[in-house]
Amino acid sequence: MKLLALESCNVTYGKAQALHSVSIEVAQGEVVSLIGRNGAGKSTILKTIIGLKQPVSGRRVWKGDDVTARLPNQLGRLGIGYVPEDRRIFDNLTVHENLRIATVMGRTGAWTETRIFEMFPVLLDRASQAGNTLSGGEQQMLAISRALLTNPELLLLDEPTEGLAPLIVDELVDSMRRINEEGMTLLLVEQNLRVPMKLAHRQYVVDNGTVQWSGTTADLLANREEIEKLISV
Ligand SMILES: Nc1ncnc2c1ncn2[C@@H]1O[C@H](COP(=O)(O)OP(=O)(O)OP(=O)(O)O)[C@@H](O)[C@H]1O
Ligand SMILES: [Mg+2]
């Protein structure tokens, strides 16, 4: 089943057009990546999905319904979760308090604190520590956990592995794979191919605010040289 689609979306910041007729879709159960260099428009695509940006033309579609006019909180209630690039953890609250807020604010469902601590045991070890005492990798785990606790059907992740050491990236890739295997649909933004090649079923390459290429991960492998050119800095 098709969960989400953007259809021919044009998105602007003031007079500057950031997205040009962008169309993407995500089916239930998939891991889909948006790949592209700095300023390509990746975060703007996620913001358009979650309603932080409204397209000046084009449509946002959720399970076949036109939800273009909906606001971020309404789209959250429909089942779209979002981990922004800056992670937005409450620095002065403990790990447990950070999780509690998400539990209270979100939808109910299969993701509970118990399940989060099974997925990320380090968060249980750190439960009474303040958010700002966590390592970068732990903060990302906390940010993902908070989004999971709102029990979305589609989880948007903006550069979850940015700035993390290779070993921690591998750990996060394993976690995201398990989260997907347990039924969560993921739309993941990354600047390079490393994580998408390991994790995603399908890929969109974004440049200059347009979708330049899309295909399966096997297609990407077959066209790797061409795609490296589109994303190299
Ligand atoms: N708040 C804003 N005001 C004005 N222009 C913006 C704003 N946010 C983004 N832009 C512009 O829109 C374009 C797309 O930006 P976007 O943040 O979506 O790129 P990105 O692919 O996420 O880049 P990065 O990899 O650096 O995060 C860029 O030209 C950027 O300068
Ligand atoms: Mg970005």
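All of these numbers come straight from a predicted model, not from anything done at the bench. (Residues numbered from 1 in each chain as written. Chains lettered and ligands numbered in written order. Predicted model: local features only at pLDDT ≥ 70, side-chain atom pairs only at ≥ 80, totals over all residues. Heavy atoms only, no water.)

The next subject is the site of ligand 1. The immediate surroundings of ligand 1 are formed by 13 residues, with Asn38, Gly39, Lys42, Ser43 and Thr44 found nearest. Note that an oxygen atom of ligand 1 is positioned 2.7 Å from one of the side-chain N or O atoms of Asn38. Between ligand 1 and Thr44 there is a distance of 2.5 Å, counted from an oxygen atom to a side-chain nitrogen or oxygen. Taken together, the residues that form the shell around ligand 1 break down as three nonpolar, six polar and four charged. (Near = heavy atom within 4 Å. Polar contact = N/O pair within 3.5 Å; in protein donor to acceptor, adjacent residues only side chain to side chain. Nonpolar A, V, L, I, M, F, W, Y, C, P; charged D, E, K, R; others polar.)

Let us now look at the nonpolar core. Among the nonpolar cores identified, the biggest contains 34 residues, and Ile144, Leu155 and Ile179 are the most heavily contacted of them. Residue assignment for this core shows that the elements contributing at least two residues are α3 (95-105), α4 (113-119), α6 (136-149), β7 (154-158), α7 (166-181), β8 (185-190) and α8 (194-199). Broken down by element, this core gets its largest block of residues, seven residues, from α6. Discounting chain neighbours no more than four positions away, the residues touching Leu155 are Gly81, Tyr82, Val83, Ile144, Ala147, Leu148, Met184, Thr185, Leu186 and Leu187. (Core = buried A, V, L, I, M, F, W, Y, C linked by side-chain atoms within 4.5 Å. Buried < 20%, exposed > 50% of the residue type's maximum accessible area, 1.4 Å probe, protein only. Helix = DSSP H or I, 4+ residues; strand = E, 2+ residues; numbered from the N terminus. Contact = heavy atoms within 4.5 Å.)

Moving on: unusual backbone geometry. Positive phi outside glycine occurs at Lys63, with the angle close to 50°. Mapped onto the elements, Lys63 comes out in the loop between β4 (57-62) and β5 (65-66). Look at Lys63 and you get partly exposed, because its relative accessible area is 35%.

In this fold, Arg87 is placed in the loop between β6 (80-83) and α3. Although Arg87 is buried, it forms no salt bridge, and the closest oppositely charged side chain is Glu162 at an N-O distance of 6.1 Å. Of the polar contacts made by the side chain of Arg87, one reaches the side chain of Gln140; its length is 2.7 Å. In this structure Arg87 touches Gly136, Gln139, Gln140, Ala143, Pro160, Glu162 and Leu164, once residues within four positions along its chain are discounted. (Lys, Arg positive; Asp, Glu negative; His and termini not counted. Salt bridge = Lys/Arg side-chain N within 4 Å of Asp/Glu carboxyl O.)

Right, let's talk about α7 for a bit. Here α7 spans 22 Å end to end across 16 residues, near enough to the 22 Å set by a 1.5 Å rise per residue. Regarding α7, the residues found buried are Val169, Leu172, Val173, Ser175, Met176, Ile179 and Asn180. Buried residues of α7, seen end-on, are gathered within an arc of 165° and therefore sit on one face of the element. Exposed and facing more than 90 degrees away from the buried side of α7 are Leu167 and Glu181. Considering only its buried residues, α7 is in contact with β3 (31-35), α4, α6, β7, β8 and α8. Looking at the residues trailing α7, positive phi occurs at Gly183, about 115°. (Expected span 1.5 Å × (residues − 1). Arc of directions from axis to C-beta.)

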